[in-house]
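# Examining the three-dimensional arrangement
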Amino acid sequence: MSQKHPVIAVTGSSGAGTSTVKNSFEHIFRREKLTAAVVEGDSFHRYDRDAMKAAVAESEKDGGHPISHFGPEANEFEKLEALFKEYGESGSGSTRLYLHNDEEAAPYRQKAGTFTPWSSIKPGSDMLFYEGLHGGVKTDTADAAKYVDLLVGVVPIVNLEWIQKIHRDMNARGYSAEAVTHTILRRMHDYVHYITPQFSRTHINFQRVPTVDTSNPFIARDIPALDESFVVIRFRDPKNVDFPYLLAMIHDSFMSRPNTIVVPGGKMGLAIELILTPLILDLVAKSRSK
C-alpha cells in the first residue's frame, strides 16, 4: 500500500549486517536531502532491562513457556501497528527511546536499560524509517506489516546469526558461553513463530551467506567478514527490477533465480543504495502528489 506519509521498515536480527544497512540508508537520505523520522524497534519492548530479567525468570518457572524479545509477551506490537497506521495517515505518531547504555542515558538523566517517556514525532519528516526486529510482524492481535510501504529484510543464515550473537554477548557483555547458548535455545520458539515469517512478507530480502565454514557456531573463533560472504537479494515482485543494470553496476554479481541476484558481501552497501534509492524517491514523489 502507498500511504500519504511513507513508512519504510528494515526488519531483521541485530548484528545481521544492520550497521551496513543503516549506513546505506543514511547515505540515501543525506544525498537526496530527505528527512526521516527514525524509530528503533527496541523502543517497543514491553519491559525495561530489570523488569525483563524478572519476567524471563518468572516465565521459566515450573517448565513454562519462556518469553523473549522476539515474541509478543515482551513487546508492544499493537502500539507499533498503531504508530505505522497513524504516521501513514498524518505524518505523526507516538514513540520513545530505549536507552541501551550510560552514554545514551546521560542526556535524559536516566538509568541505562530504561525508556524515555512517550512523545509525538515532530512534523515535517518525509518518511518514517523503522529499524528493528519486528517491522513486518503479524500476530492474532496486531499487523504492523499491513502499514509498511517498503519492507526490507536483512537476515544472515542462522549459524552466522548465532556466531554474531555469541561473540557480542561474550565479548561486549561478558556472558558465559553457557548463558548465551541458553538464551539462543530460550528464544527459538519465538524466533520460528515471529521473526522468520516476516521474511515472507518483505518486498526485498538481503541474506548474508558466509563462504567460510560456520558449521559449529559455538566454537567459531571470529565472525566471518563481509568479504568472506555473499549477499543473496530476493525480490518479491521482480517485474520492474532492472537486473541487467544491477549486474553491470555490481562487479562479480550474478543471478541465481529469476527473482534473485547474488552480490559479493563487500558490495552489500552499494547494492542497497542502487536498489533502494529509486524506490524511496518514488514513494516520496507519490506522497508529495497526494
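Described below are features of the structure shown in this document. Bear in mind that the values here come from a model prediction, so they are computed numbers and not experimental data. (Residues numbered from 1 in each chain as written. Predicted model: local features only at pLDDT ≥ 70, side-chain atom pairs only at ≥ 80, totals over all residues. Heavy atoms only, no water.)

For the chain, the helix and strand inventory stands at 8 helices and 12 strands. Relative to the globule expectation of 19 Å for 290 residues, the C-alpha radius of gyration of the chain, 19 Å, shows essentially globular dimensions. For the chain, buried positions account for 49% of its 290 residues. Counting contacts in the chain only where the partners sit at least 6 residues apart, residues at least 24 apart contribute 74% of the total. Carbon and sulfur atoms make up 53% of the accessible area of the chain, which totals about 14,300 Å². Averaging the positions of the 33 positive and the 36 negative side-chain charges in the chain gives two centres separated by 4 Å. (Helix = DSSP H or I, 4+ residues; strand = E, 2+ residues; numbered from the N terminus. Rg over C-alpha atoms; globule rule 2.2 N^0.38 Å. Buried < 20%, exposed > 50% of the residue type's maximum accessible area, 1.4 Å probe, protein only. Contact = heavy atoms within 4.5 Å. Areas by Shrake-Rupley, 256 points an atom, 1.4 Å probe, with all protein chains shown as cover. Lys, Arg positive; Asp, Glu negative; His and termini not counted. Charge placed at Lys NZ, Arg CZ, Asp CG, Glu CD.)

Let us now look at helix 3 (residues 77–90). For the α-helix, the turn length of 3.6 residues means that residues three or four positions removed from each other point alike. Across its 14 residues, helix 3 extends 20 Å between first and last C-alpha, which sits within 8% of the 20 Å expected from 1.5 Å per residue. Within helix 3, the full set of buried residues consists of F77, L80, E81, L83, F84, Y87 and G88. Here the buried residues of helix 3 occupy an arc of 155° about the axis, which is enough to place them on one side. Against strand 1 (7–11), strand 2 (36–40), strand 3 (94–95) and strand 7 (127–132) lie the buried residues of helix 3. (Expected span 1.5 Å × (residues − 1). Arc of directions from axis to C-beta.)

Here we take up the pattern of salt bridges. As enumerated under the stated definition, the model contains 10 salt bridges in all. Put simply, D50 and K111 hold a salt bridge, and the shortest N to O gap is 2.8 Å. Of the two residues, D50 is situated in helix 2 (residues 49–59) and K111 in the loop between helix 4 (102–105) and strand 5 (114–115); the sequence distance between them amounts to 61 residues. Owing to a relative accessible area of 51%, K111 belongs among the exposed residues under this scheme. (Salt bridge = Lys/Arg side-chain N within 4 Å of Asp/Glu carboxyl O.)

This next bit is on the environment of V180. For V180, the location among the structural elements is in helix 6 (residues 177–195). Distance in space between the C-alpha atoms of V180 and Q164 is 11 Å, their sequence separation being 16 residues. Discounting residues that sit within four places of it in the chain, V180 has contacts with K165, I166, D169, M170 and Y175.

So, on to the pairing of strand 10 (residues 229–235). Side chains S229, V231, I233 and F235 project from strand 10 onto a buried face, and the interleaved F230, V232 and R234 project onto a face without burial. The sheet contact formed by strand 9 (residues 204–210) and strand 10 spans 7 bridges and is antiparallel. Within the sheet, the bridge partner assigned to N205 lies in strand 10 and is R234. Relative to strand 12 (residues 260–264), strand 10 is paired through 5 bridges, and the arrangement is antiparallel. The partner of V232 across the bridge, within strand 12, is V262. (Pairing = 2+ DSSP bridges.)

Applying the stated rule across the entire model yields 10 aromatic pairs. With 4.6 Å between their ring centres and 35° between their planes, F25 and F129 make a pair best called tilted. With F25 in helix 1 (residues 18–31) and F129 in strand 7, this pair connects stretches of sequence that are 104 residues apart. Pair check on accessibility: F25 and F129 agree, each one buried. (Phe/Tyr/Trp six-rings, centres within 6.5 Å; stacked < 30°, edge-to-face > 60°.)

What follows deals with the sheet that holds strand 2. As a general point, the strands of a sheet are linked pairwise by backbone hydrogen bonds and lie either parallel or antiparallel. With mixed pairing, 8 strands are arranged side by side in an open sheet as 2-7-1-8-9-10-12-11. Each edge of the sheet is formed by a strand with only one pairing partner; in this case those strands are strand 2 and strand 11 (254–257). Going across the sheet, the axis of each strand differs from the next one's by a mean of 20°, ignoring polarity. In the packing of helix 3 onto the sheet, the strands contacted are strand 1, strand 2 and strand 7, and the crossing angle to strand 7 comes to about 160°. (Axes fitted to C-alpha atoms, helices over the stretch in contact; angles between N-to-C directions.)

To continue, consider helix 6. Compared with an ideal rise of 1.5 Å per residue, which puts 19 residues at 27 Å, helix 6 spans 23 Å between its outermost C-alpha atoms and falls more than 12% short. R187 marks where helix 6 bends most, by close to 45°. Among all positions in helix 6, only V180, T183, I184, R186, R187, D190, Y191, Y194 and I195 are buried. (Bend = angle between axes of the 7 residues up to and from the residue.)

A word on the nonpolar core. Taken as a class, soluble globular proteins show a tendency for nonpolar side chains to be buried jointly. Residues F25, F206, I233, F235, I275, L276 and I280 are the most contacted members of the largest nonpolar core, which totals 32 residues. The dominant element in this core, judged by the number of residues it contributes, is helix 8 (residues 268–288), at 9 residues. When neighbours within four sequence positions are excluded, F235 is seen to be in contact with H203, I204, V241, F243, L246, N259, I261 and I275. L83, A142, Y147 and L151 belong to the second-largest nonpolar core, a separate cluster that totals 19 residues. (Core = buried A, V, L, I, M, F, W, Y, C linked by side-chain atoms within 4.5 Å.)

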